Amino acid sequence: MAIEQFAKLPTHVAMIMDGNGRWAKKRLLPRTAGHKVGLDTFVEMVDTCSDLGIKYMTVYAFSYENWNREKTEVDALMTLMETGIRRYTPEMHRKNIRLHLMGDLSLFEEGKRASLLACQEELSGNTGMTLSICLSYGGRQELVHACNELIKEGKTEITDADIERHLYSAGLPDPDLIIRTSGEYRISNFLLWQSAYAEYYFTDVLWPDFHKEELYKALHDFEGRKRRFGK
Ligand code: FPP
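Residues numbered from 1 in each chain as written. Predicted model: local features only at pLDDT ≥ 70, side-chain atom pairs only at ≥ 80, totals over all residues. Heavy atoms only, no water.

1. Topic: the site of the ligand
Inference 1: The immediate surroundings of the ligand are formed by 18 residues, with Asp18, Gly21, Arg22, Arg31 and Arg69 found nearest.
Inference 2: Between the ligand and Asp18, the relevant distance is 3.1 Å, taken from an oxygen atom to a side-chain nitrogen or oxygen of the residue.
Inference 3: Note that an oxygen atom of the ligand is positioned 3.4 Å from one of the backbone N or O atoms of Gly19.
Inference 4: Relative to its unbound accessible surface of 620 Å², the ligand loses 92% to contact with the protein.
Inference 5: Those elements that place two or more of their residues in the shell around the ligand are α1 (20-26), α2 (31-52) and α3 (71-94). (Near = heavy atom within 4 Å. Polar contact = N/O pair within 3.5 Å; in protein donor to acceptor, adjacent residues only side chain to side chain. Areas by Shrake-Rupley, 256 points an atom, 1.4 Å probe, with all protein chains shown as cover. Helix = DSSP H or I, 4+ residues; strand = E, 2+ residues; numbered from the N terminus.)

So this is what it looks like as structure tokens:
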């Protein structure tokens, strides 16, 4: 099948994967059923972005605030994400994808953290698309973490660059396009620093229904955006 053509593509696309719970509720299924289908959508998005030649992709998989959900949902999500990433790692390797985990992984159960870090390590030499997965991530927590690191360095005055080198995203370009599914018009503590000049795309489509044709719509919309960076 011919690959979709674009006049310009974002270097870095980020996605807030929202609406799994509502997708399941509409079908009278448990919320975890929505997360399972959401994992399939995640894999489809990674494959599609990598095939398009997008250099950086970031997804918001589990926020700092998500720890406050029911324990059964948190446990199910942890298992789904850890097994999902582990099983998908050989395929990511074939696609030359590098994995970058962003967030406070110290809150993870030891076995799951070790498994996720092993996947990151296995893919660390790859030179294709960099896939960042935000897990136990919050933009405010990331900024506080960066400030605390600078205090430890003994800084009394800081610059943008000082903060940037202590963000979980250090070394990555800022996102050009941030997509949020499910009809919610919020940032929800996602990439607060990095999104300063990002273009946003919101869609009512729920994450489990966000297939590649929906991604193409977002990318075509981005093609028409005039970016001014404050100029
Ligand atoms: C938000 O929808 C979604 C999540 C909190 C989980 C996202 C996780 C996945 C899509 C699995 C991806 C897996 C990997 C390996 C990255 P919600 O539950 O808040 O939905 P709702 O707003 O409709 O209740």
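2. Comments concerning the pairing of strand β5 (residues 177-180)
Inference 1: Side-chain alternation along β5 places Leu177 and Ile179 on one buried face and Ile178 and Arg180 on a second face that is also buried.
Inference 2: For strand β1 (residues 12-16) and β5, the ladder comprises four bridges, and the chain directions are parallel. Pairing of Met15 across the sheet is with Ile179, part of β5.
Inference 3: Where β5 and strand β6 (residues 199-202) come together, four bridges link them in parallel fashion. Bridge pairing in β6 places Ile178 opposite Tyr200. (Buried < 20%, exposed > 50% of the residue type's maximum accessible area, 1.4 Å probe, protein only. Pairing = 2+ DSSP bridges.)

3. A word on the pairing of β1
Inference 1: In terms of burial, β1 is a largely internal element, five of the five residues being buried.
Inference 2: Here β1 shows no split at all, with His12, Ala14 and Ile16 on one side and Val13 and Met15 on the other all buried.

4. Describing the pattern of salt bridges
Inference 1: On inspection of all chains with the given rule, the structure shows 21 salt bridges.
Inference 2: With a shortest N-O distance of 2.9 Å, Asp162 and Arg165 are connected by a salt bridge.
Inference 3: With relative accessibility at 10%, the residue Asp162 sits in the buried group.
Inference 4: When its relative accessible area of 40% is taken as the criterion, Arg165 is described as partly exposed.
Inference 5: Linked by salt bridges that have partners in common, Asp18, Arg22, Arg180, Glu184 and Arg186 make up one network. (Salt bridge = Lys/Arg side-chain N within 4 Å of Asp/Glu carboxyl O.)

5. Section: the packing of α3 against helix α4 (residues 110-122)
For any two helices packed against each other, the geometry is given by the interaxial angle and the distance between the axes.
Inference 1: Where α3 meets α4, the axes come as close as 10 Å, and the angle between the chain directions of the two elements is 20°. Accordingly, the angle class assigned to the pair α3 and α4 is roughly parallel. Pair α3 / α4 crosses with left-handed handedness. Every residue of α4 that contacts α3 at Met78, Thr79, Glu82, Ile85, Arg86, Thr89 and His93 is listed here: Lys112, Ser115, Leu116, Cys119 and Glu122. (Axes fitted to C-alpha atoms, helices over the stretch in contact; angles between N-to-C directions. Parallel < 35°, antiparallel > 145°, perpendicular 65-115°, else oblique. Left-handed = near helix turned anticlockwise from the far one by under 90°. Contact = heavy atoms within 4.5 Å.)

6. Regarding the environment of Leu9
Inference 1: Along the chain, Leu9 falls in the segment before β1.
Inference 2: On the accessibility criterion, Leu9 (32% relative accessible area) is partly exposed.

7. Side note on the nonpolar core
Inference 1: Counting residues in hydrophobic clusters, the biggest one holds 43 residues, and the most contacted among them are Met15, Phe42, Met57, Leu131, Ile133, Leu135 and Ile179.
Inference 2: Considering every element that reaches this core, the biggest residue donor is α3, with seven residues.
Inference 3: Those residues within four positions of Met57 in sequence are excluded, and the remaining contacts are His12, Val13, Met15, Met45, Val46, Cys49, Met129, Thr130, Leu131 and Ser132.
Inference 4: Formed by ten residues, the second largest nonpolar core is a distinct cluster that contains Ala14, Met102, Ile178 and Leu191. (Core = buried A, V, L, I, M, F, W, Y, C linked by side-chain atoms within 4.5 Å.)

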